[in-house]
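Residue-level listing of the chains:
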Amino acid sequence: QCMGLNCSQSDGVDRDGLIDAVAAAQPRTVVVLQTGGPVLTPWRDRVKGLIEAWYPGQNGGTAIARVLFGDAEPGGRLPATFPLREEDEPVSGDPEKYPGVAERVQYKEGVFMGYRWFDERRLQVAYPFGYGLAYTSFAYSGLRLEPGSGATDAVVSAVVRNTGSRVGIAVPQLYVGMPDPAPGIEQPPLQLKGMERVRLEPGAARRVKFPLNERSFSYWDPRSDGWRVARGCYRIVVGAHSRDAALQGAIGRDAECDGALTLPRDRRACTSRRAFTIRLRRSMRRATVRFAGRRVRAVRRGGRLRARINLRGVRRGRVVVRVTGRTRSGRVVRETRVYRTCKPKAKAKAKRKRR
């Protein structure tokens, strides 16, 4: 019926009041919760720590003690959002959503379920989805956006470093912000597309990779009753939880974005043109373009750098074009674009043979 610690309790104990009283007497208080889901935590700023044990099972007491005394690393991350208020929950005030009417529950949120609901409405939360602390600290750097191979469209990677003084477990997470493909078809601000669990010694670092396939970029199109990839810019975010945008980039699908990687919208799509011109981002002042062992210098025309890509003599298939440039301030900018050349049509082949 409610999300407070006193909800549905019949023993008359004020649990929130108890925590407040203990924290007032001893600021170095740690609260251990054993709950089946998110609860309200109005006292969270008055305690030193909070361990969410969920339903830990028969040996839960030993496990909790090991975490409290630092013998074990609290390496878990929240699978749900802890709200500030009950009113912020997507089911609040609507009995058709919860608990249901006539034994029927309606999910009216569409794609805005869970943490996506809070992000879409820009609601402040107590603890965001994916959040969790360790007995050390971590730093993120070195974001890379690279074309994939085979069934992988792209690979996002980043370096995670243990900046603390003891061994710890990091859980870097990859979120993708997808463009709204059409009027009436909305997408959440960010969607979880990958995560890794990494154990690091003090000072150690590791590059973690998140492969993205065509499904990672797809949305459900009710008109065609299937998955499709929309044209546009896809925001890439790597961080410690859903509200941590430690590293940011962009991947364009059949679109030029202010990012480091441009991919075709349809991985089966190809270009029949053997020579074409690409436009570079406006912030670039000079740039060099490399592809298939060739090097082309970008030329400014119409206030923007352009480069001529001549694929004549290049082996048909997948062509990776890498751009290295500098902005007016001297900052180095790198981009990667992927193209596929079409195979000659059967009729064209036969015609060439006859000639």
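Here we summarise the structure given alongside this text. Remember, predicted model here, so these are calculated numbers, not experimental data.

Cut-offs used in this document
Residues numbered from 1 in each chain as written. Predicted model: local features only at pLDDT ≥ 70, side-chain atom pairs only at ≥ 80, totals over all residues. Heavy atoms only, no water. Helix = DSSP H or I, 4+ residues; strand = E, 2+ residues; numbered from the N terminus. Rg over C-alpha atoms; globule rule 2.2 N^0.38 Å. Buried < 20%, exposed > 50% of the residue type's maximum accessible area, 1.4 Å probe, protein only. Pairing = 2+ DSSP bridges. Axes fitted to C-alpha atoms, helices over the stretch in contact; angles between N-to-C directions. Disulfide = S-S within 2.5 Å. Patch = residues over 30% accessible without salt bridge, like charges linked within 9 Å, V, L, I, M, F, W, Y side chains within 5 Å. Areas by Shrake-Rupley, 256 points an atom, 1.4 Å probe, with all protein chains shown as cover. Salt bridge = Lys/Arg side-chain N within 4 Å of Asp/Glu carboxyl O. Lys, Arg positive; Asp, Glu negative; His and termini not counted. Charge placed at Lys NZ, Arg CZ, Asp CG, Glu CD. Core = buried A, V, L, I, M, F, W, Y, C linked by side-chain atoms within 4.5 Å. Contact = heavy atoms within 4.5 Å.

### Quick notes on the overall build of the protein
Within the protein one finds four helices and 23 strands. The C-alpha atoms of the protein give a radius of gyration of 26 Å, which is well past the 20 Å a tight globule of 355 residues would have. Each principal axis of the C-alpha atoms in the protein carries an extent, and together these give about 95 × 55 × 40 Å. When burial is assessed residue by residue, the protein has 41% of its 355 residues classed as buried.

### Things to note about the sheet that holds strand S21 (residues 304-310)
Here we have three strands laid out as an open sheet, ordered S17-S21-S20, and antiparallel in their pairing. Both outer strands of the open sheet, strand S17 (275-279) and strand S20 (299-301), are each paired with one neighbouring strand and no more. Going from strand to strand, the sheet's axes swing by 40 degrees on average, the running direction of each strand aside. Judged from the three bridges that link them, S20 and S21 form a sheet pairing that is antiparallel. By the bridge assignment for S21, Arg300 is matched with Leu305.

### With respect to the state of the cysteines
In total, this model carries two disulfides according to the counting rule given. Note on cysteine connectivity: Cys233 is disulfide-linked to Cys257, with sulfurs 2.0 Å apart. Given an S-S torsion of about -100 degrees, the disulfide between Cys233 and Cys257 has left-handed geometry. With a gap of 24 residues between them, Cys233 in strand S14 (residues 232-239) and Cys257 in the loop between strand S15 (247-253) and strand S16 (261-263) connect regions that are remote in the sequence.

### Here we look at a nonpolar patch on the surface
Judged by side-chain polarity, Val30, Val32, Leu68 and Phe69 come together as a nonpolar surface patch covering roughly 370 Å² of accessible area. Mapped onto the elements, Phe69 comes out in the loop between helix H2 (60-68) and strand S3 (82-83). The class of Phe69 is exposed, set by a relative accessible area of 70%.

### So, a positive patch on the surface
Taken together, the side chains of Arg286, Arg290, Arg295, Arg297, Arg326 and Arg334 present a region of like positive charge at the surface. Secondary structure elements with two or more residues in the positive patch: strand S18 (284-291) and strand S19 (294-297).

### Comments concerning the nonpolar core
Among the nonpolar cores identified, the biggest contains 29 residues, and Val156, Val238 and Ile251 are the most heavily contacted of them. Elements that contribute at least two residues to this core include exactly strand S5 (138-147), strand S6 (152-162), strand S8 (173-177), strand S10 (198-200), strand S11 (205-213), S14, S15 and S16. At four residues, the largest contribution of residues to this core is made by S6. Excluding residues that lie within four positions of it along the chain, Val238 makes contacts with Tyr140, Leu143, Val156, Ala158, Gln173, Leu174, Phe210, Asp244, Ala245, Ala246 and Leu247. By size, the runner-up hydrophobic cluster in this structure holds 18 residues, among which are Ala287, Val289, Val319 and Val333.

### Looking at unusual backbone geometry
Omega for the bond connecting Tyr98 with Pro99 falls within 30 degrees of zero, at 5 degrees, which places this linkage in the cis form. Tracing the chain through its elements places Pro99 in the loop between S3 and helix H3 (115-120). The backbone of Trp54 shows a phi angle near 55 degrees, a positive value even though the residue is not glycine. Within the secondary structure layout, Trp54 lies in the loop between strand S2 (49-52) and H2. You will see that Ala292, though not glycine, has its phi angle at about 50 degrees, which is positive. In this structure, Ala292 sits in the loop between S18 and S19.

### Details of the sheet that holds S18
Reading across from one edge, S9-S8-S14-S15-S16-S23-S22-S18-S19 is the order of the nine strands in this open sheet, with mixed pairing throughout. The strands lining the two open edges of the sheet, one partner per strand, are strand S9 (191-195) and S19. Across the sheet, the mean angle from the axis of one strand to that of its neighbour is 25 degrees, orientation sign disregarded.

### Examining the environment of Gly49
Along the chain, the position of Gly49 falls in strand S2. Apart from residues lying up to four places away in sequence, Gly49 is in contact with Thr29, Val30 and Val31.

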